[in-house]
Structures are given as C-alpha cells and as structure tokens.
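# An overview of the molecular structure
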Amino acid sequence: VSHQARLLRHNPELFIAGESDAYGMIFAIDSGVPMIETGHETSENMGLRAFADRMKSSLPDVPVHFYKNPRPWITC
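Quick notes on the rules
- Starting afresh in each chain, residues are numbered from 1 along the sequence in its written order.
- Restriction of local features to residues with pLDDT of at least 70 applies here, the model being predicted, together with a cutoff of 80 or more for giving and counting side-chain atom pairs; totals for whole chains, interfaces and linings are based on all residues.
- Working from all heavy atoms in the structure, the side-chain values ignore hydrogens and water.
- Secondary structure follows DSSP: runs of H or I at least 4 residues long count as helices, runs of E at least 2 residues long count as strands, and numbering of each begins at the N terminus.
- Radius of gyration means the value over C-alpha atoms here, while the globule rule gives 2.2 Å times the residue count to the 0.38 power.
- Exposed residues in this analysis have more than 50% of their type's maximum accessible area, buried residues have under 20%, and partly exposed residues fall in between, with area computed by a 1.4 Å probe over protein chains only.
- Here a residue-residue contact requires only that any non-hydrogen atoms of the pair lie within 4.5 Å.
- All accessibility values rest on the Shrake-Rupley procedure with a 1.4 Å probe; residue burial counts only the protein chains present in the view.
- All tallies of charge rest on Lys and Arg as positive and Asp and Glu as negative; His and the ends of each chain are not included.
- Just so you know, the charge point we use is NZ for Lys, CZ for Arg, CG for Asp and CD for Glu.
- A residue's pLDDT is the confidence the predictor assigns to it, expressed on a 0 to 100 scale.
- Polar contact is defined as a pair of N or O atoms within 3.5 Å, subject to the rule that within protein one atom must be able to donate a hydrogen and the other to accept it, and that residues adjacent in sequence are counted only when both atoms are side-chain atoms.

In this section: the overall build of the chain. For the chain, the helix and strand inventory stands at 4 helices and 2 strands. Each helix and strand of the chain, placed in order from N terminus to C terminus, yields the pattern α-β-α-β-α-α. Computed over C-alpha atoms, the radius of gyration of the chain comes to 17 Å, more than 25% over the 11 Å expected from 2.2 N^0.38 for 76 residues, which places it beyond the range of a compact globule. Structurally, the chain occupies a C-alpha span of about 50 × 35 × 20 Å along its principal axes. In the chain, buried positions account for 17% of the 76 residues. Residue pairs in contact within the chain that sit at least 24 positions apart in sequence constitute 18% of those at least 6 positions apart. Total accessible area computed for the chain in this model is approximately 6300 Å², and 60% of it derives from carbon and sulfur atoms. The positive charge centre, built from 7 side chains, and the negative charge centre, built from 9, are 6 Å apart in the chain.

Have a look at this one:
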C-alpha cells in the first residue's frame, strides 16, 4: 500500500507534496483529493530555516547563514 493510500484513512482534504511523480499525481486525481506540488527545494525551506536558527543559538560564536532554496523553475 502506498503512503498516499495510508493517508486516505485520515480523510485528508488536501495532499501537499515536496517531490511527487506521475503516479502520485494520478493517485490524488483518482482519489478525489487535491494535491499541491511545492517542489523538493521549496518544501525544505522551513526545516532548513529552523535548523539554521538552532545552530545560531547553540553555537553563538559560529557564523550561520540561512540560504533559501529558490524554486528551480517558473510556470507560465
């Protein structure tokens, strides 16, 4: 059973994916659950920012910079 199929047990209103494939998109369409594809890079920004903030507070003498992953493509 796929991960998405297991999630259906919780009656989701929406899937948010960080890196999907055609099978995941087709599953979402067939199951009637809308899906937002954020892209792998974008979906990691919140976690990377939290990690950078923790590093700054844990190692105050070490310069830590957060670099936001940009979206690698632009839709038309």
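Mapped onto the fold, Val33 is located in the loop between α2 (22–31) and β2 (35–37). For the pair Val33 and Gly47, spaced 14 residues apart in sequence, the C-alpha to C-alpha distance is 25 Å.

Relative to the helices and strands, Gln4 resides in helix α1 (residues 3–7). Overall, the relative accessible area of 16% leaves Gln4 in the buried class. The residues touching Gln4, leaving out its near neighbours within four places in the chain, are Phe15, Gly24, Phe27, Ala28 and Met35.

This paragraph deals with the confidence of the model for the chain. Here the chain averages 89 in pLDDT, and 95% of its residues register 70 or above. Mean pLDDT across the elements of the chain bottoms out in helix α3 (residues 40–43) (80) and peaks in helix α4 (residues 45–58) (95).

What follows concerns α2. Here α2 starts with a cap whose side-chain oxygen sits 3.2 Å from the backbone nitrogen of Tyr23, and that cap is Asp21. Directly beyond the C-terminal end of α2, a positive phi value near 80° is found at Gly32.

You can see Pro34 is positioned in the loop between α2 and β2. Exposure remark for Pro34: the relative accessible area of 46% places this residue in the partly exposed category. Along the chain, Pro34 and Ile16 lie 18 residues apart, while their C-alpha atoms are 8.7 Å from each other. When sequence neighbours within four positions are dropped, the list of residues in contact with Pro34 reads Glu13, Leu14 and Phe15.

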